[in-house]
Amino acid sequence: MGDLKWYALQTYSGHENKVQKNLEKLVQQRKLEEKISQVRIPTMEVAEMKNGKKKVTKKKLMPGYVLVEMDMDEDLRFMIQSLPSVSTFVGSKDGGPEPLSVDEVKNLFAETGEYKSEEPVSPRLLFKVGDNLKIIDGPFANFTGVVDEIFPDKGRLRVKVEIFGRSTPVELDYLQVKTEP
């Protein structure tokens, strides 16, 4: 293995999967396993509510880009940039491709959940006790309430909702509420 570094390859929007397949085919056909070790499309799982059900979908973190871990040389660069739907490598002003920094790679793969760091990643808390929320999904949709308690490990929270003139605690998923401006 040579000097492997990560590079960002710009592709036509929506063609990331096609470029990834073509690159993997190129590696197999030309026996380039020593030069190109990984081809990745950074994605992250995003949860959303659809018809009262939690649905997890994969969203592209950087639409229009494919990340390639490779030992860059002019021949390889030319070969890859000649593939269909490939625009160019992200690079410096002199035209040469710039490898991503170690921090950029760590941050990208930490976002996608693929990079395991030593320190535990705590979920970003979107709410705090006392926040006013609007319920956007479920049987209490369109009600407003105040955050009473948060359960970050479950992704849920208890909201006090005014129902029939009484404050009633309701446990909801993070995705069923949004903060009131």
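In this text, all values refer to a predicted model and were calculated from it rather than measured experimentally. (Residues numbered from 1 in each chain as written. Predicted model: local features only at pLDDT ≥ 70, side-chain atom pairs only at ≥ 80, totals over all residues. Heavy atoms only, no water.)

Draft legend 1. Seen up close, the packing of aromatic side chains. Inspection of the entire model under this criterion finds three aromatic pairs. Consider the rings of Phe127 and Tyr174, whose centres lie 5.5 Å apart with planes at 65 degrees: the pair is edge-to-face. With Phe127 in the loop between α3 (102-111) and β7 (132-135) and Tyr174 in the loop between β10 (166-173) and β11 (177-179), this residue pair connects regions lying 47 residues apart in the sequence. For the pair formed by Phe127 and Tyr174, the shared burial category is buried. Ring plane angle 75 degrees and centroid distance 6.0 Å describe the contact between Phe140 and Phe143, whose orientation is recorded as edge-to-face. Taking the relative accessible area as the measure of exposure, Phe143 reaches 31% and is therefore partly exposed. The ring of Phe151 is capped by Lys154, whose NZ or CZ atom sits 5.2 Å from the centre of that ring. (Phe/Tyr/Trp six-rings, centres within 6.5 Å; stacked < 30°, edge-to-face > 60°. Helix = DSSP H or I, 4+ residues; strand = E, 2+ residues; numbered from the N terminus. Buried < 20%, exposed > 50% of the residue type's maximum accessible area, 1.4 Å probe, protein only. Lys NZ or Arg CZ within 6 Å of the ring centre and 35° of its normal.)

Draft legend 2. Structural view of the sheet that holds β11. A sheet is described by the order of its strands in space; here five strands give the open sequence β10-β9-β8-β7-β11, paired in antiparallel fashion. If you trace the sheet from one side to the other, it starts and ends with β10 and β11, each paired once. When the angles between neighbouring strand axes are averaged without regard to direction, this sheet yields 45 degrees. Looking at chain direction, strand β9 (residues 156-163) and β10 are connected through eight bridges and run antiparallel. The partner of Val161 across the bridge, within β10, is Thr168. (Pairing = 2+ DSSP bridges. Axes fitted to C-alpha atoms, helices over the stretch in contact; angles between N-to-C directions.)

Draft legend 3. A look at the UniProt feature "domain: KOW" (unreviewed entry) in the protein chain. Mapped onto this numbering, the UniProt entry annotates "domain: KOW" (unreviewed entry) at residues 126-153. When the span residues 126-153 is considered, its composition is 0% helix and 43% strand, and the gap between its end C-alpha atoms is 13 Å. (UniProt positions renumbered as here; feature names shortened; annotations may be inferred.)

Draft legend 4. Up close: the pairing of strand β8 (residues 144-151). One ladder, built from three bridges, connects β7 with β8; its direction is antiparallel. Paired with Asn132 across the strands is Val146, a residue of β8. Once β8 ends, the chain turns through four residues before running back antiparallel as β9, passing Gly155 with a positive phi of about 70 degrees.

Draft legend 5. Representation of the pairing of strand β4 (residues 53-60) in the model. One ladder, built from eight bridges, connects strand β3 (residues 43-50) with β4; its direction is antiparallel. Bridging across to β4, Met49 finds its partner in Lys54. From the end of β3 to the start of β4, which pair antiparallel, there are two residues, and Asn51 there has a positive phi angle of about 50 degrees.

Draft legend 6. View of helix α1 (residues 16-30). If you check α1, its first and last C-alpha atoms are 21 Å apart, about what 15 residues at 1.5 Å a residue would give, namely 21 Å. Within α1, the full set of buried residues consists of Glu16, Val19, Gln20, Asn22, Leu23, Leu26 and Val27. For α1, the buried positions fall inside an angular range of 165 degrees around the axis, keeping them on one side. Opposite the packed face of α1, turned more than 90 degrees from it, sit the exposed residues Lys21, Gln28 and Gln29. Looking at the buried positions of α1, the neighbouring elements they touch are β1 (5-11), β2 (36-40), β4, β5 (65-70), α2 (74-81) and β6 (86-89). One or two residues past the end of α1 sits Lys31, with phi positive at roughly 55 degrees. (Expected span 1.5 Å × (residues − 1). Arc of directions from axis to C-beta. Contact = heavy atoms within 4.5 Å.)

Draft legend 7. Summary view of the nonpolar core. Residues Leu9, Leu23, Ile36, Val68, Met70, Ile80 and Phe89 are the most contacted members of the largest nonpolar core, which totals 19 residues. The set of elements that each furnish at least two residues to this core consists of β1, α1, β2, β5, α2 and β6. Broken down by element, this core gets its largest block of residues, four residues, from α1. In this structure, Ile80 is in contact with Leu9, Leu23, Leu26, Ile36, Met70, Val86 and Phe89, ignoring residues within four places of it in sequence. One finds Val147, Val161, Ile163 and Val170 within the second-largest nonpolar core, a separate group that totals 13 residues. (Core = buried A, V, L, I, M, F, W, Y, C linked by side-chain atoms within 4.5 Å.)

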